[in-house]
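# Chains, contacts and geometry: an overview
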Amino acid sequence: QVQLVESGGGLVQPGGSLRLSCAASGSIFSGNVMGWYRQAPGQQRESVATMTSSGYTTYILSVKGRFTISRDNAKNTVYLQMTSLKPEDTAVYYCYYQKGLSTYWGQGTQVTVSS
């Protein structure tokens, strides 16, 4: 089992920045993938950014150049630095840990971009 605890969401004005953190604990193994999904009201959950334990990253097109995913493997923590935030980035952000066929999810953290 893997437990994920997220932090860092909140209310920010358009153009602002936020940093999300997600700490994993439990049965953590190398060769995993960690990342972030988000779900806006009435929308499907979408993958925002992923990062393998070896450092390979992917981003959804709408956040490229604005969001940066990073990891501290020693702390089993993944981060999402979000800059130049837009109202359309408003959503609940979920981190996840994936190893093989198993995927674990955090509880979600609300990000609201509004003036």
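As shown above, the structure is provided for reference.
From a predicted model like this one, the values you see are computed outputs, not experimental measurements.

### Quick word on the overall build of the chain
A tally of helices and strands in the chain yields zero helices and 11 strands. Reading the chain from its N end, one meets helices and strands in the order β-β-β-β-β-β-β-β-β-β-β. Computed over its C-alpha atoms, the radius of gyration of the chain comes to 13 Å, within 12% of the 13 Å expected for a compact globule of 115 residues. A buried classification covers 37% of the 115 residues belonging to the chain. At a minimum sequence separation of 6, the contacts of the chain that also span at least 24 residues come to 52%. Only carbon and sulfur atoms are counted for the fraction: they give 49% of the accessible area of the chain, which is about 6,100 Å².

### Side note on unusual backbone geometry
Positioned with a positive phi, N76 is a non-glycine residue whose angle comes to about 50 degrees. Topologically, N76 is positioned in the loop between strand 7 (67-72) and strand 8 (77-82). Residue N76 is classed as partly exposed on the basis of its relative accessible area, which comes to 25%. One non-glycine residue with positive phi stands out, namely S84, at about 45 degrees. Tracing the backbone through its elements, the reader meets S84 in the loop between strand 8 and strand 9 (91-99).

About the thresholds
- Residues numbered from 1 in each chain as written.
- Predicted model: local features only at pLDDT ≥ 70, side-chain atom pairs only at ≥ 80, totals over all residues.
- Heavy atoms only, no water.
- Helix = DSSP H or I, 4+ residues; strand = E, 2+ residues; numbered from the N terminus.
- Rg over C-alpha atoms; globule rule 2.2 N^0.38 Å.
- Buried < 20%, exposed > 50% of the residue type's maximum accessible area, 1.4 Å probe, protein only.
- Contact = heavy atoms within 4.5 Å.
- Areas by Shrake-Rupley, 256 points an atom, 1.4 Å probe, with all protein chains shown as cover.

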